[in-house]
Amino acid sequence: MNPALTTQELKHFRADTHIHTCLSPCGDLEMGPRDIAAQSRHAGLDMIAVCDHNSAENAGAVMRAGDRVGLAVLPGMEICSREEVHVVALFETLEAAHQMQEFVYARLPGENQREVWGEQIMANEKNEVLGENHRLLIGATTLNLYKIVEQVHACGGLCIASHVDRPAYSLIGNLGFIPPDLDIDGIEVSFRVPLCRARQSVNGIAGYPCVTASDAHFLRDIGRAWYGLQMASPCFAELRMALKGENGRKIIAN
Amino acid sequence: MKTQDLIDRFGLTAAAGKDGTDREIAGGYCGDLLSEVMANAPIGCVWMTIQVHQNIVAVAVLREMAAIVLAMDNQPDPETCEKADREKIPILLYSGTSYELAGKLYGAGIVNKTAGE
Ligand SMILES: [Zn+2]
Ligand SMILES: [Zn+2]
């Protein structure tokens, strides 16, 4: 990363920063790390983020699978607040993601019932099953939104409110509007809203950096929504600058 | 029925907005998705919810609500109380479920006006 690069030297990248794996109980079992990386490449993506519900357990495997096919993979998680609002948390390193995961696990009650919610498979970069996670990953944490944002920032991460155009599990759906004192780094609209029309279709998001993502739970859905990024290389530090609109880095609405 | 009568009759505790308890209650509503409540709650109603974020006060102001009831022993955030005091929106605490209290209120004659009535 070199902030001094002129705008002409910056390139365009395609990002889909909200993808689930077979660890999410609602995620298809075909969502193994190796196949997610391959499918992302196939869909023309340069950068993805792995965001399972309240866990980053499969992030490392997808990162390694991404390395093999030239795909940038950010470790992340989709955290459910006590208000039942979903937020995507993205991190620079696996260690930071795991640090957040420990914080979340300590505040995530319940045990998964696979017959009810589905299986939660931990796998490696070769798609081999390593085991099952027994926590109630689909559940809500006891953390309010402010605590989540604060802790994600303490781990050096970025916080993006998930699918704010949806009626439920969303910042705007559940809380009516975005609390002005919430230090969120961006908001995400679902694939249902074209990014270029997001500000017209969703009320109250004008002041926030806005991205879109596939929120894929099935391989075929990877890349069904993506956003363009003007930056030097597909990595976390560049994404942070793009969200903040610094040094010529920016989001390009497609 | 006024909000103060509601407090006395059903054993609710006022946690904030005590200056606003003399308003007449014009109906009732239950819901926890604030966007939905914002769109559909009757003007002047008492609203039962489990959400405690300060945005509930804004929703109540918007729908000119008589009061907010937090069911299931949920406690309001400190900012929520400050805002409720400022806006004079009573925040009442109830240890039972919204369902139970809604039944009692309906039985006590708090019903929503429907078209044609
Ligand atoms: Zn979600
Ligand atoms: Zn998701």
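Refer to the structure printed above.
Not measured: the values here are computed from a predicted model. (Residues numbered from 1 in each chain as written. Chains lettered and ligands numbered in written order. Predicted model: local features only at pLDDT ≥ 70, side-chain atom pairs only at ≥ 80, totals over all residues. Heavy atoms only, no water.)

Engineer: Which residues make up the overall build of chain A, and what values go with them?
Structural biologist: If you tally the helices and strands in chain A, you get eight helices and eleven strands. Taking 18 Å as the expected radius of gyration for a compact globule of 254 residues, we find that chain A reaches 17 Å, a close match to that expectation. Taking the principal axes of its C-alpha atoms as reference, chain A extends roughly 50 × 40 × 30 Å. For chain A, contacts bridging at least 24 residues in sequence account for 70% of all contacts bridging at least 6. (Helix = DSSP H or I, 4+ residues; strand = E, 2+ residues; numbered from the N terminus. Rg over C-alpha atoms; globule rule 2.2 N^0.38 Å. Contact = heavy atoms within 4.5 Å.)

Engineer: Give me the lowdown on the sheet that holds strand β1 (residues 13-16) of chain B, citing residues and values where you can.
Structural biologist: Neighbouring strands of a sheet are bound in pairs by backbone hydrogen bonds; such pairs are parallel or else antiparallel. Residues and elements named next belong to chain B. Strand order in the open sheet formed by five strands is β1-β5-β4-β3-β2, with mixed pairing between adjacent strands. Edge positions in the sheet fall to β1 and β2 (28-30), since each of these pairs with one other strand and no more. Between one strand and the next, the sheet's axes are offset by a mean angle of 30 degrees, whatever the strand orientation. Where β1 lies against strand β5 (residues 91-93), three bridges are found, and the strand directions are antiparallel. Following the sheet pairing, Thr13 is matched in β5 by Leu93. Strand contacts of helix α3 (residues 55-62): β3 (46-49), β4 (67-70) and β5, with the helix running at about 145 degrees to β4, the strand carrying the most contacts. (Pairing = 2+ DSSP bridges. Axes fitted to C-alpha atoms, helices over the stretch in contact; angles between N-to-C directions.)

Engineer: I'd like to hear about the interface of chain A and chain B, residue by residue, with values.
Structural biologist: Contacts between the two partners involve 13 residues from chain A and, on the opposite side, twelve residues from chain B. Three residues, Arg82, Leu175 and Phe177 of chain A, lead the burial of chain A against chain B; their summed loss comes to 39% of the area buried on that side. Counting the contacts that link chain A with chain B gives zero salt bridges. Between the two partners, chain A and chain B, sit nine residue pairs in polar contact (both at pLDDT 80 or more). (Buried area = accessible area lost by both parts, 1.4 Å probe. Salt bridge = Lys/Arg side-chain N within 4 Å of Asp/Glu carboxyl O. Polar contact = N/O pair within 3.5 Å; in protein donor to acceptor, adjacent residues only side chain to side chain.)

Engineer: With reference to specific residues and values, describe the coordination of the zinc ion (ligand 1).
Structural biologist: Residue and element names in this part refer to chain A. Protein coordination of the zinc ion (ligand 1) is provided by Glu78 (OE), His86 (ND1) and His163 (NE2), with donor distances spanning 2.1 to 2.2 Å. Along the chain, the residues donating to the zinc ion (ligand 1) are arranged with the sequence spacing E-x7-H-x76-H. A separation of 3.4 Å is found between the zinc ion (ligand 1) and the zinc ion (ligand 2), which share Glu78 as a coordinating residue. The exposure class assigned to Glu78 is buried, which follows from its relative accessible area of 1%. A relative accessible area of 9% places His86 in the buried class. (Donors = N, O, S within 2.8 Å, 3.2 Å for Na, K, Ca; no water. Buried < 20%, exposed > 50% of the residue type's maximum accessible area, 1.4 Å probe, protein only.)

Engineer: A description of the side chain of His53 of chain A should follow, citing residues and the corresponding values.
Structural biologist: If you trace the backbone, His53 of chain A turns up in strand β2 (residues 47-53). With near-sequence residues (within four places) excluded, His53 of chain A lies in contact with His20, Ser24, Cys26, Glu78, His86, Leu137, Ile138 and His217 of chain A.

Engineer: Lay out the sheet that holds β2 of chain A in plain terms, naming residues and giving numbers.
Structural biologist: Residue and element names in this part refer to chain A. The nine strands are arranged β9-β8-β7-β4-β3-β2-β1-β10-β11 in an open sheet whose pairing can be described as mixed. The open sheet is flanked by β9 (210-212) and β11 (250-252), the only strands paired with a single partner. For this sheet the average axis-to-axis angle between neighbouring strands, irrespective of direction, equals 30 degrees. Relative to β2, strand β1 (residues 11-19) runs parallel, the two being bridged by three bridges.

Engineer: Please provide a residue-by-residue account of the packing of aromatic side chains, values included.
Structural biologist: All names here are of chain A. According to the stated counting rule, one finds zero aromatic pairs over all chains in the structure shown. The cationic tip of Arg220 hangs over the ring face of Phe218; the distance from NZ or CZ to the ring centre is 4.8 Å. Sitting over the face of the ring of Phe191, Arg224 holds its NZ or CZ atom 3.8 Å from the ring centroid. (Phe/Tyr/Trp six-rings, centres within 6.5 Å; stacked < 30°, edge-to-face > 60°. Lys NZ or Arg CZ within 6 Å of the ring centre and 35° of its normal.)

Engineer: If you had to explain the environment of Val62 of chain A to someone new, which residues and values would you point to?
Structural biologist: All names here are of chain A. Along the polypeptide, Val62 turns up in helix α2 (residues 59-69). Assessed through its relative accessible area of 0%, Val62 is described here as buried. Along the sequence, Val62 and Gly245 sit 183 residues apart, while their C-alpha atoms lie 28 Å from each other. Excluding its chain neighbours within four sequence positions, the residues that come into contact with Val62 are Thr21, Pro33, Ile36, Ile48, Val50 and Val73.

Purely spatial values, then, with no claim about function.
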